[in-house]
Amino acid sequence: MMNDGKVEQVMLEVLRRLEDDHAGLTISPVDDRTYVLTEEDILRDLTIFSDEVFDAETEQGPTALVVKFRNGQTFRIAVKEEF
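If you're wondering where the values come from, they're calculated on a predicted model, not measured in any experiment.

Trainee: Go over the overall build of the protein, please, and point to the residues and values.
Mentor: Broken down by element type, the protein carries 2 helices and 3 strands. Counted from the first residue to the last, the protein has its helices and strands arranged as α-α-β-β-β. Going through the 83 residues of the protein one by one, you find that 19% of them count as buried. Put simply, of all contacts in the protein between residues at least 6 apart along the chain, 22% involve residues at least 24 apart.

Trainee: Please provide a residue-by-residue account of the side chain of Thr-47, values included.
Mentor: Inspection of the secondary structure puts Thr-47 in helix 2 (residues 39-53). Since its relative accessible area comes to 14%, Thr-47 is described here as buried. In this view, Thr-47 contacts Thr-58, Gln-60 and Leu-65; residues no more than four positions away in its chain are not counted.

Reading guide: rules and limits
- For every chain, the first residue of the written sequence is number 1, and numbering continues from 1 along that sequence.
- Reporting in this predicted model follows two pLDDT cut-offs: at least 70 for local features of residues, and 80 or more for side-chain atom pairs to be given and counted; totals over whole chains, interfaces and linings ignore these cut-offs and use all residues.
- As a rule here, side-chain values cover all heavy atoms of the structure and leave hydrogens and water aside.
- Secondary structure elements follow DSSP: runs of H or I of four or more residues count as helices, runs of E of two or more count as strands, with numbering from the N terminus.
- Remark: exposure states derive from per-residue accessible area (1.4 Å probe, protein chains only) relative to the maximum for the residue type, with buried under 20%, exposed over 50%, and partly exposed in between.
- Contact criterion: two residues are considered in contact whenever any of their non-hydrogen atoms come within 4.5 Å of each other.

As structure tokens, then:
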């Protein structure tokens, strides 16, 4: 489990990257709570978090993140928007 300092560090890095490339977010000028995310946006954020949390290699595809641990385990995390 991450300590509060590590969580804050990860969140600051995510926010910095969002500010740098706008991460595909579309913010409505009328309502700051209205925005649009893509599967790639979610996967990019998961990649950032996994880089800080897991001792593993990650590969991001268009709809899935593959996490390869040094012990030989591999996980595929798929993302699909539900309507």
